[in-house]
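Read off the chains here:
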Amino acid sequence: MALPPPLKVDLRSYAAHSDEHSHSLSQLVLPLAGTLQMRIGAHDGCVQQGRAAFVPSGTLHSQAGRGANRSLVLDLGDADVTGEFVEHMAARPFAPVSPAAYRLISYMGLALQQGSARGEIVAHWVPLMLDALSARTARPASRLSALLAMVETRPGQPWTTESMAREACLSVSRLHALFR
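Owing to the predicted nature of the structure, the values given are computational and were not obtained by experimental measurement. (Residues numbered from 1 in each chain as written. Predicted model: local features only at pLDDT ≥ 70, side-chain atom pairs only at ≥ 80, totals over all residues. Heavy atoms only, no water.)

Enquirer: Just give me the short version of helix 2 (residues 99-114), but keep the residues and values in it.
Expert: Under the 1.5 Å per step criterion, the end-to-end length of helix 2 is 22 Å for 16 residues, consistent within 8% with the ideal 22 Å. Of all the residues in helix 2, the buried ones are Ala101, Tyr102, Ile105, Met108, Gly109 and Ala111. Buried residues along helix 2 sit against strand 1 (8-12), strand 2 (26-40), strand 5 (61-76) and helix 3 (119-134). Gly115, located one to two residues past helix 2, shows a positive phi value of around 75°. (Helix = DSSP H or I, 4+ residues; strand = E, 2+ residues; numbered from the N terminus. Expected span 1.5 Å × (residues − 1). Buried < 20%, exposed > 50% of the residue type's maximum accessible area, 1.4 Å probe, protein only. Contact = heavy atoms within 4.5 Å.)

Now the structure itself:
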């Protein structure tokens, strides 16, 4: 089964910098590995494990990869998302990713890498992903909550203050201040 246009999901890695540009469709940038610094309209933020990004159609944006990075990029047409979803996500384009949503992202990343992401699988995955990202109850309330969700998805990693600050796109002193 082919996906209805413009619905499309790709695995992408980004270079150190891109020029500002826009698209005629909306995009979700979903983290798999590494960090991607983005500017979406007037908002700056990071896409990394624990944080995704939503780029509304027609919005100027740019991105800069930090080292090795990999993301799922989901192209969405107007018919694929409700106005409420677009309004909700556009207000806060850098969305926390719950551990459950991250598992959906990991699943689709693996399916794409293995070549097993058939159209019907993606067509069923998209509504689950959109629902997981827009669920207000699963949405962390702060950068510390988003960081906690990230730590919960990787409990065996040897977390240091420096690595947590880097993942939260904060300085170590700012991380300490927020934690207090």
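That was the structure; now back to the text.
Enquirer: Which residues make up the pairing of strand 5, and what values do they have?
Expert: Here is the key point about a regular strand: its side chains alternate between the two faces of the sheet. Summarising burial for strand 5: 12 of the 16 residues are buried, a large majority. Sheet topology places strand 1 next to strand 5; five bridges connect them, and they run antiparallel. Counterpart to Asp10 in the pairing with strand 5 is Val73. Taken together, the 13 bridges between strand 2 and strand 5 define a ladder with antiparallel strand orientation. Bridged to Met38 within strand 5 is Gln63. (Pairing = 2+ DSSP bridges.)

Enquirer: Would you mind going over helix 3 in detail, with residue names and values included?
Expert: The terminal C-alpha atoms of helix 3 lie 23 Å apart, and with 16 residues this matches the ideal 22 Å at 1.5 Å per residue to within 8%. Within helix 3, burial applies to Gly119, Ile121, Val122, Trp125, Val126, Met129, Leu130, Leu133 and Ser134.

Enquirer: Tell me what's going on with the confidence of the model for the protein chain, and back it up with residues and numbers.
Expert: Scored by pLDDT, the protein chain has a mean of 83; 92% of the residues are at 70 or more. The secondary-structure element of the protein chain with the lowest mean pLDDT is helix 4 (residues 143-153), recorded at 75, while strand 4 (residues 51-55) shows the highest, at 91. (pLDDT = per-residue confidence, 0-100.)

Enquirer: A description of the packing of aromatic side chains should follow, citing residues and the corresponding values.
Expert: In total, this model carries one aromatic pair according to the counting rule given. Pairing Phe54 with Phe85 gives two aromatic rings, centres 5.6 Å apart and planes at 85°, and the pair type is edge-to-face. Highlighted residues: Phe54 in strand 4 and Phe85 in helix 1 (residues 83-91), separated in sequence by 31 residues. You'll find Phe54 and Phe85 in the same group, each marked buried. (Phe/Tyr/Trp six-rings, centres within 6.5 Å; stacked < 30°, edge-to-face > 60°.)

Enquirer: Got a sec to walk through the side chain of Ser71? Specific residues and values, please.
Expert: Residue position: Ser71 is located in strand 5. We classify Ser71 as buried; its relative accessible area is 2%. Non-local contacts of Ser71, meaning those with residues more than four positions away in its chain, are made with Asp10, Leu11, Arg12, Val29, Leu30, Pro31, Leu32, Leu36 and Val47.

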